[in-house]
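# Structural description and commentary
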Amino acid sequence: MLPVDLDKFWTKDEEAHKDNCFNPKAEQVALGIRMSQECVFAELNEEGQQWGHTPRDRRMDLNKRYNDKAEKIVGKRLLPEYVPEPGETFPGIKQIGEIFGGRYVFEGSTTWLHGSCETPSELEKVLDNIDKMNFREFVLPPNWESEKTRMFETYGKKPPAWRQVRGPVTLATSIYGVENLMFLYYDEPDLFKRFSDTILKVIMNYINLMNEEAGYTDSNAPKGFGFYDDNCYLMTPEMYEAFGYPILKAVFEKCSPEKNDRRYQHSDSAMGHLLPLLGKLNLTGTNFGPTLTVDEIREHLPNARIDGQLAPFTFMRNNPDDIIAEVKRDCEQAIKGGYRGLNIATAGSINNGSSIESMRVVMYAIQEYGQY
């Protein structure tokens with residue numbers, strides 16, 4: 001293993017994360033990688049589906065064994081070792097894709113949202129149904145009130161606020177189809193706009209409903225919001241300005257009105273052409289695809305913590321030289337550019353096959369090349 005002074009590294013890393021990784025007193029670039037539960041199978045040579053269901057007892061055993069190994073390699077226990085029992089969590093509510101008539105189906109080792117319409121007339125019917133929908137009745141399960149009371153009386157828990165969602169373009173392409181949505185912009189501009197307006201209305205309904213269920217008012221509700229929108233890169237800037245941008249703008253104005261409130265966008269894709277538009281939203285956090293550079297992102301998003309830009313496939317292939325080269329590149333861009341806010345992470349998901357030793361390689365690269 002490459003030499004890393006673990007105690008010194010983690011002490012510096014704690015400082016590096018302050019002020020959303022913009023701490024002017026930090027001595028080194030922050031490390032955002034903490035691995036994921038998906039990685040236990042390859043690391044421990046165990047069978048399992050990284051995006052599938054793992055029984056509770058087995059999950060806790062796998063995570064503990066993984067943490068035992070991680071503690072020796074990187075000096076930290078990385079994964080949760082307690083998984084709540086079914087009775088310790090709130091019952092599930094309907095997901096946003098179901099509002100639009102979609103179905104969530106587990107297939108091919110992961111869950112996919114299947115669409116509900118393919119033609120403009122079918123889409124109109126979907127949107128009409130949403131306009132007539134009793135939102136609260138549709139979203140909350142029949143036992144919601146009794147379970148909400150039980151959870152508070154037994155565990156002192158209130159329902160969580162609703163502060164992140166699958167992004168508007170990814171949702172729309174799942175429901176209506178990629179090509180269909182793009183053609184809709186040209187062929188049915190009014191319906192294109194109505195689709196966007198309805199997505200915004202539904203998101204706001206979720207925010208308001210779960211605020212109400214948790215007992216929050218607009219003045220004391222938790223701040224911040226995050227969008228996870230891989231497919232937004234498929235749109236031209238003009239399309240995105242008409243469809244996605246108004247949704248993010250309105251939601252951030254409601255949930256993230258202050259300068260340092262969380263305004264987050266994840267899109268692990270080639271996002272360069274949309275950066276000028278996203279810059280107008282004053283994002284405070286990003287996780288974009290590996291084709292973008294730290295310098296490119298910083299040019300348009302001066303106040304955003306950059307979670308990236310190590311390619312997930314580079315990290316998963318576990319070649320130390322390749323990992324070091326990418327981390328060195330990103331650290332040098334931030335240091336030479338004279339800016340903070342870089343949080344070394346994968347530019348997308350951390351997948352099964354990414355090793356704990358590769359995390360140590362990243363730490364070594366920060367130790368060697370990421371000192372301010």
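Residues numbered from 1 in each chain as written. Predicted model: local features only at pLDDT ≥ 70, side-chain atom pairs only at ≥ 80, totals over all residues. Heavy atoms only, no water.

## Some thoughts on the pattern of salt bridges
Enumeration according to the criterion identifies 26 salt bridges in this entry. Close ionic contact of Glu147 with Arg150 constitutes a salt bridge, the shortest N to O distance being 2.9 Å. Of the two residues, Glu147 and Arg150 both sit in helix H8 (residues 144-155), three residues apart, roughly one turn of that helix. (Salt bridge = Lys/Arg side-chain N within 4 Å of Asp/Glu carboxyl O. Helix = DSSP H or I, 4+ residues; strand = E, 2+ residues; numbered from the N terminus.)

## Examining the pairing of strand S2 (residues 103-107)
Two strands pair when backbone bridges link them, and S2 and strand S3 (residues 110-114) are joined in this way by five bridges, in the antiparallel orientation. Bridge assignment links Phe106 to a residue of S3, and that residue is Thr111. Hairpin connection of S2 to S3: two residues between the antiparallel strands, including Gly108 at a positive phi of 65°. (Pairing = 2+ DSSP bridges.)

## Overview of helix H17 (residues 320-337)
Helix length check: H17 (18 residues) gives 25 Å between terminal C-alpha atoms against 26 Å at 1.5 Å per residue, within 8%. Of the residues making up H17, those classed as buried are Ile323, Ile324, Glu326, Val327, Asp330, Cys331, Gln333 and Ala334. Looking at the buried side of H17, the elements it contacts are helix H15 (294-300), strand S8 (305-310), helix H16 (312-317), strand S9 (342-346) and helix H18 (356-369). Trailing H17 by a residue or two, Gly338 shows a phi angle of about 75°, which is positive. (Expected span 1.5 Å × (residues − 1). Buried < 20%, exposed > 50% of the residue type's maximum accessible area, 1.4 Å probe, protein only. Contact = heavy atoms within 4.5 Å.)

## Concerning the environment of Pro246
Within the secondary structure layout, Pro246 lies in helix H13 (residues 245-255). Distance from Pro246 to Trp10, taken between C-alpha atoms, is 40 Å for residues 236 residues apart in sequence. Non-local contacts of Pro246, meaning those with residues more than four positions away in its chain, are made with Leu200, Tyr240 and Glu241.

## Some words on the nonpolar core
In terms of nonpolar packing, the biggest core is built from 103 residues, with Phe100, Leu181, Phe195 and Ile203 touching the most fellow members. The element that contributes the greatest number of residues to this core is helix H11 (residues 189-214), accounting for 12 residues. Those residues in contact with Leu181 that sit more than four places away from it in its chain are Val169, Ala172, Thr173, Tyr176, Phe192, Phe195, Met235 and Phe243. (Core = buried A, V, L, I, M, F, W, Y, C linked by side-chain atoms within 4.5 Å.)

## Focus: a negative patch on the surface
On the surface, Glu124, Asp187, Glu188 and Asp190 cluster together into a patch of negative charge. Looking at the element boundaries, Asp190 is found in helix H11. (Patch = residues over 30% accessible without salt bridge, like charges linked within 9 Å, V, L, I, M, F, W, Y side chains within 5 Å. Areas by Shrake-Rupley, 256 points an atom, 1.4 Å probe, with all protein chains shown as cover. Lys, Arg positive; Asp, Glu negative; His and termini not counted. Charge placed at Lys NZ, Arg CZ, Asp CG, Glu CD.)

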